[in-house]
Amino acid sequence: MATLAETIQIEQPRPRPRTELQEPALLMRTASRRVSSWFTTLEERHNITAGEVMDYLVQREPRIKEQLDRLWALVDCDVQGRYLEGVLDENDFRLWRQHLREWLNLLHSALALVRLHRSSDAEGDFAIAAGALTPAAA
């Protein structure tokens, strides 16, 4: 008669293959180019400067500004140095990249919000059609 331990074969967890980490500096350069492009477009097409964006966020959307600052503090760390030293953990890299994505998404949304509030109805991509907020007649 087989014992319980012999009957149940417990599979040992297989080590996940280590994926090759992307160099954080390359991701940051790509993100920086994207952000630069957003601010350049905002200034050239809509005459809204980066300073005006930040002023708007500080005055009218302080929670968004605080969240941007918090995410930036998580992104602006020594991830590149740890990568170069070969001590950057895959989980730490994944978390750092997630924070970078969240920061980019929130910044992009904040720029759209500022643009919406600063644009006239005729030029705003996000402008709400006149009468769209009034209840429909029954």
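Residues numbered from 1 in each chain as written. Predicted model: local features only at pLDDT ≥ 70, side-chain atom pairs only at ≥ 80, totals over all residues. Heavy atoms only, no water.

**Quick look at the overall build of the protein**
- Looking only at helices and strands, the protein has 6 helices and 0 strands in total.
- Start at the N end of the protein and walk to the C end: the helices and strands fall as α-α-α-α-α-α.
- Counting over 138 residues, the protein shows a buried share of 25%.
- Once local pairs closer than 6 in sequence are excluded, the contacts in the protein between residues at least 24 apart make up 75%.
- In the structure as shown, the protein presents an accessible area of about 10,400 Å², 53% of it carried by carbon and sulfur atoms. (Helix = DSSP H or I, 4+ residues; strand = E, 2+ residues; numbered from the N terminus. Buried < 20%, exposed > 50% of the residue type's maximum accessible area, 1.4 Å probe, protein only. Contact = heavy atoms within 4.5 Å. Areas by Shrake-Rupley, 256 points an atom, 1.4 Å probe, with all protein chains shown as cover.)

**What to know about the packing of helix α2 (residues 24-46) against helix α6 (residues 90-118)**
- Between α2 and α6, whose axes approach to 12 Å, the crossing angle comes to 0°. The orientation of α2 with respect to α6, classified from their angle, is roughly parallel. Residues P24, L27, M28, A31, R34, V35, W38, F39, L42 and H46 of α2 form the contact with α6, whose own contacting residues are F93, W96, R97, L100, W103, L104, L107, H108, L111 and R115.
- Its residues placed into classes, the contact of α2 with α6 shows 15 nonpolar, 2 polar and 3 charged. (Axes fitted to C-alpha atoms, helices over the stretch in contact; angles between N-to-C directions. Parallel < 35°, antiparallel > 145°, perpendicular 65-115°, else oblique. Nonpolar A, V, L, I, M, F, W, Y, C, P; charged D, E, K, R; others polar.)

**A closer look at unusual backbone geometry**
- One non-glycine residue, N47, lies in the positive phi region at around 55°.
- Its location among the elements puts N47 in the loop between α2 and α3 (50-60).
- Take N47: its relative accessible area is 58%, and that puts it in the exposed class.

**Some remarks on the side chain of H99**
- Counting through the fold element by element, H99 comes out in helix α6.
- Once you skip the residues sitting within four places of it in the chain, H99 turns out to touch L71, L74 and V75.

**Considerations on α6**
- Look at α6: 42 Å from first C-alpha to last across 29 residues, which is about the 42 Å you get at 1.5 Å a residue.
- Here α6 starts with a cap whose side-chain oxygen sits 2.7 Å from the backbone nitrogen of N91, and that cap is D89. (Expected span 1.5 Å × (residues − 1). Polar contact = N/O pair within 3.5 Å; in protein donor to acceptor, adjacent residues only side chain to side chain.)

**As for the packing of aromatic side chains**
- One pass over the structure, following the stated rule, counts 2 aromatic pairs.
- With a centroid separation of 4.9 Å and 45° between ring planes, the pair formed by W72 and W103 is classed as tilted. A residue pair is termed long-range when its members are at least 10 positions apart, and W72 in helix α4 (residues 62-75) and W103 in helix α6 qualify at 31 residues.
- The class of W103 is buried, set by a relative accessible area of 13%. (Phe/Tyr/Trp six-rings, centres within 6.5 Å; stacked < 30°, edge-to-face > 60°.)

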